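Observations on the three-dimensional arrangement
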Amino acid sequence: MAPRNQHEESSETAVNSSPQHSSKMKHLRYDTNNKEEQPQQQTAKQQKSQHDKRKHTKSTIALCLVMLTNSCLQISVFPYSGYMAIHLIPNANEENTGRYAGLIASFYMTGRIFSSFLWGRVADAYGRTFVMKISSALCAIFSILFGLSTSFTSALVFRFLCGVSSGTMGPVKTSVSELSKGNQDLENKTMSLVIGMWGWGFLIFPALSGALAEPVKQYPHLFQGGGGGGGDLEEFLEKYPFVLPNLVVFFFCVVSLVGATFFVEETLPLEQRRSVRFILSDLVHWFRGMFSSIASRFQRAHKKDYEDGMALPLCSSQVKQ
């Protein structure tokens, strides 16, 4: 092979050192690196998408449990409220127990009337999951106390406090909307699934609570010479015949508390959340503002009615004139 002369080597060096050649080499290296990075970026996006999907699925399941518990709190008392009134009121019987049963059932919603607005304020100030956790814990406590009531008055009080403590409906719906992050199709599917749990609660819990109420009367063979119950358990269930349905409510409240704590993502931005140490002062401030607003509206309505009454004619003769 003939040796290359000096002129050919110098011309090749000039070509390699030219700006056009160096620019082509840079483009080639960029394209090669870009092709190597694209699969990595796609893999990272897929992993992030799968992670977000799993997290949203867990949040949806937890929100469904919270909504199911909300339904349980309202409907579970209906099958045995009349029997509970007969058990707690000495003079109550099957003929006059209807009004007492209605009071037991309605005091839950009465409590919600007074607290729904305030729970919304708390959710906007302290977080959606904060309300779900506090509400589930309080409802668990008051449900057990309601099942252990020994007087009709205490039953009404604990039923009312359970309603006051129930504030999960609004935060659950808000969380569904905010967790969807603008995906309208996903929001519609999730909302229909979560709200549908309300109907499932109305289907399941009346039958369950009715089957568990007054077990000693319903299943005497389990306590008297039958399956071997009896003893202290029988005495306890005779004294508190409606505690078992409320233990079921307690269980679902605890499950909702765990689900909201570990699986539901907080959607209220951190910079918008207030510290928990301000909650008592905020509640006092909100209560004062709510009652002052109601009072001012009542005064304006009363003043308007008074002025309208002063403007009306005093007798029919004035109408004719």
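Positions within a chain are numbered from 1, following the residues in the order the chain's sequence is written. With pLDDT at 70 or above as the cut-off, local features in this predicted model cover only qualifying residues; side-chain atom pairs require 80 or more to be listed or tallied, and sums for whole chains, interfaces and linings still use all residues. Side-chain metrics in this entry use all non-hydrogen atoms of the structure; hydrogen atoms and water are not considered.

Some thoughts on helix H5 (residues 128–147)
Worth spelling out the cut-off: Comment: elements are numbered from the N terminus, with helices defined as DSSP H or I runs of at least four residues and strands as E runs of at least two. Working rule for helices: expected span equals 1.5 Å times residues minus one. Exposure classes here rest on a 1.4 Å probe applied to the protein chains alone. A residue is buried below 20% of its type maximum, exposed above 50%, and partly exposed in between.
Compared with an ideal rise of 1.5 Å per residue, which puts 20 residues at 28 Å, H5 spans 29 Å between its outermost C-alpha atoms and is within 8% of the ideal. Most of H5 sits inside the fold, with 14 of its 20 residues counted as buried.

Structural notes on the state of the cysteines
Put simply, the rule is: Throughout, disulfides are identified as pairs of cysteine sulfur atoms within 2.5 Å of each other.
Counted under the stated rule, the structure contains zero disulfides. Cys72 takes part in no disulfide bond, and the closest cysteine sulfur to it belongs to Cys253, at a distance of 6.9 Å. The structure places no disulfide on Cys253, whose sulfur is separated from the nearest cysteine sulfur, that of Cys139, by 5.4 Å. Judged by relative accessible area, Cys253 falls into the buried class, the value being 1%.

Notes on the nonpolar core
Counted only if it meets this: Within this scheme, the nonpolar core is defined by two criteria: the residues are buried Ala, Val, Leu, Ile, Met, Phe, Trp, Tyr or Cys, and they are joined through side-chain atoms within 4.5 Å. By definition in these notes, contact holds between two residues if any of their heavy atoms fall within 4.5 Å.
Ranked by size, the top nonpolar core spans 28 residues in total, and within it Leu63, Leu73, Val172, Val194 and Phe205 carry the most contacts. Looking at this core, the elements that each hand over two or more residues are helix H2 (19–75), H5, helix H7 (169–179), helix H8 (184–212) and helix H11 (243–262). If sequence neighbours within four positions are ignored, Val194 has contacts with Thr60, Leu63, Cys64, Met67, Val172 and Val176. Grouped together as the second largest cluster of nonpolar side chains are 15 residues, Ala92, Leu156, Ala213 and Phe242 included.

So, the pattern of salt bridges
The test is simple: What makes a salt bridge here is a side-chain nitrogen of Lys or Arg within 4 Å of a carboxyl oxygen of Asp or Glu, nothing more.
As enumerated under the stated definition, the model contains five salt bridges in all. Among the salt bridges present, the one from Lys189 reaches Asp185, with a minimum N-O distance of 3.4 Å. Here Lys189 and its partner Asp185 are both found in helix H8, four residues apart, which amounts to about one turn of the helix. Overall, the relative accessible area of 53% leaves Lys189 in the exposed class. The residue Lys217 makes a salt bridge to Glu214 at a minimum N-O spacing of 3.7 Å. In this structure Lys217 comes out as exposed when scored by relative accessible area, which is 67%. On the basis of relative accessibility, which here comes to 14%, the residue Glu214 falls in the buried class. The network of salt bridges with common partners includes Asp124, Arg128 and Glu178.

Some thoughts on the packing of aromatic side chains
This is how the line gets drawn: Aromatic rings from Phe, Tyr and Trp, taking only the six-membered ring of Trp, are treated as a pair when their centres fall within 6.5 Å; an angle between ring planes under 30 degrees marks them as stacked, one over 60 as edge-to-face, and anything in between as tilted. Criterion for a charge above a ring: Lys NZ or Arg CZ within 6 Å of the ring centre, and within 35 degrees of the ring normal.
Under the defined criterion, the tally for this structure stands at nine aromatic pairs. A centroid spacing of 6.2 Å and a plane angle of 65° characterise the contact between Phe114 and Phe160, whose relative ring orientation is edge-to-face. Here the residue Phe114 occupies a position in helix H4 (residues 97–126), and Phe160 occupies one in helix H6 (residues 152–165), the gap between them amounting to 46 residues. Judged by relative accessible area, Phe114 falls into the partly exposed class, the value being 48%. Ring centres 5.2 Å apart and planes at 55° place the aromatic pair Phe236 and Tyr240 in the tilted group. Here Phe236 falls in the partly exposed class, since its relative accessible area comes to 37%. What makes Tyr240 buried here is its relative accessible area of 14%. By way of ring pairs, the aromatic residues Phe107, Phe114 and Phe160 are connected into one cluster. Seen from the ring of Phe146, Arg159 lies directly overhead, with NZ or CZ sitting 5.8 Å from the centre.

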